[in-house]
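One letter stands for each residue in the lines below.
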Amino acid sequence: GAVVSQHPSRVICKSGTSVKIECRSLDFQATTMFWYRQFPKQSLMLMATSNEGSKATYEQGVEKDKFLINHASLTLSTLTVTSAHPEDSSFYICSAIVGVGTDTQYFGPGTRLTVL
Amino acid sequence: QKEVEQNSGPLSVPEGAIASLNCTYSDRGSQSFFWYRQYSGKSPELIMFIYSNGDKEDGRFTAQLNKASQYVSLLIRDSQPSDSATYLCAVIPKSGGSYIPTFGRGTSLIVHP
């Protein structure tokens, strides 16, 4: 299957700081990427859909000024958690669709964020 | 509200048995169906996708789709302890041009030796 990478895999930060998470498609161009959040023992929650070269589409209840998404190229999307608080501690996972006209998502390995 | 329902489990089966995981969905016009496996602390991994009614087999895995009854299932033959994980069902609704799936909450599978 297609390979999606995320960096960092784990990050610990102090409350009030900002954290950037990168999501890369390694062997294909991803016009659409998705960002999910998953709390322990809960299901995936879609945060936003990221399209290359345009503004991200956020799901209801997700603060776009707090979770900044940039999809500047066909292989890279970034999620920046601004002014992080302990309640933002979670598992953040990106996914990408391979090519145009297909709808199969491949997930990155995830980033575990801990805000102290 | 488009919904995807899964029994949270856990479903416990002995090693070597067939594990049957079920998923129902509410949007009758749904077109695409996926099964993902998620180990604890890891991200989801695609197992199979299915678009047409009937069965689709890949190794020990068989996906079954019945659009009339609005359910999709995953059978795992010769279950192994390494199959122990949470299995997520994902459905993409009919809305034109949308690639956003709705995920079920997942079914926890435990395969005991």
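Structure first, text after, so check above.
Cut-off values and rules
- Residues numbered from 1 in each chain as written.
- Chains lettered and ligands numbered in written order.
- Predicted model: local features only at pLDDT ≥ 70, side-chain atom pairs only at ≥ 80, totals over all residues.
- Heavy atoms only, no water.
- Helix = DSSP H or I, 4+ residues; strand = E, 2+ residues; numbered from the N terminus.
- Rg over C-alpha atoms; globule rule 2.2 N^0.38 Å.
- Contact = heavy atoms within 4.5 Å.
- Buried area = accessible area lost by both parts, 1.4 Å probe.
- Salt bridge = Lys/Arg side-chain N within 4 Å of Asp/Glu carboxyl O.
- Polar contact = N/O pair within 3.5 Å; in protein donor to acceptor, adjacent residues only side chain to side chain.
- Core = buried A, V, L, I, M, F, W, Y, C linked by side-chain atoms within 4.5 Å.
- Buried < 20%, exposed > 50% of the residue type's maximum accessible area, 1.4 Å probe, protein only.
- Pairing = 2+ DSSP bridges.

## Re the overall build of chain A
Right, on to step 1. Along the backbone of chain A there are zero helices and eleven strands.
Right, on to step 2. For chain A, the α and β elements follow one another from N to C terminus as β-β-β-β-β-β-β-β-β-β-β.
Right, on to step 3. Computed over C-alpha atoms, the radius of gyration of chain A comes to 13 Å, within 12% of the 13 Å expected from 2.2 N^0.38 for 116 residues, which places it in the range of a compact globule.
Right, on to step 4. Considered along the principal axes of its C-alpha atoms, chain A spans approximately 40 × 25 × 20 Å.
Right, on to step 5. Of the contacts formed within chain A by residues at least 6 apart in sequence, a portion of 54% connects residues at least 24 apart.

## A closer look at the interface of chain B and chain A
Right, on to step 1. The interface is formed by 19 residues belonging to chain B together with 21 residues belonging to chain A.
Right, on to step 2. Between chain B and chain A, roughly 1,500 Å² of surface is buried when both sides are summed, and carbon and sulfur atoms account for 58% of that area.
Right, on to step 3. Counting across the chain B and chain A interface gives zero salt bridges.
Right, on to step 4. Linking chain B to chain A there are four residue pairs in polar contact (both at pLDDT 80 or more).
Right, on to step 5. Of all the secondary-structure elements, those providing two or more residues to the side of chain B that touches chain A are β4 (32–38), β5 (45–50) and β9 (85–92) of chain B.
Right, on to step 6. Of the residues forming the side of chain B that touches chain A, the biggest block, four residues, is contributed by β4(B).

## Structural notes on the nonpolar core
Right, on to step 1. Counting 24 residues, the largest nonpolar core has A:W35, A:F67, A:L79, A:Y92 and A:L113 as the members making the most contacts within it.
Right, on to step 2. Those elements that place two or more of their residues in this core are β2 (10–13), β3 (19–25), β4 (32–38), β5 (45–51), β7 (67–73), β8 (76–81), β9 (90–97) and β11 (111–115) of chain A.
Right, on to step 3. Filtering out sequence-adjacent residues up to four positions away, A:Y92 remains in contact with A:Q6, A:I21, A:Y36, A:R37, A:M47, A:F67, A:L79, A:G110, A:T111 and A:L113.
Right, on to step 4. Grouped together as the second largest cluster of nonpolar side chains are 23 residues, B:A19, B:Y25, B:F61 and B:C89 included.

## Side note on the sheet that holds strand β3 (residues 19–25) of chain B
Residues and elements named next belong to chain B.
Right, on to step 1. As summarised here, the arrangement of the five strands in space is β1-β3-β8-β7-β6, forming an open sheet in which the pairing is antiparallel. Each edge of the open sheet carries a strand with a single partner, namely β1 (4–5) and β6 (54–58).
Right, on to step 2. As paired strands, β6 and strand β7 (residues 61–66) are joined by five bridges and run antiparallel to one another. Within β7, the residue paired with E57 across the bridge is T62.

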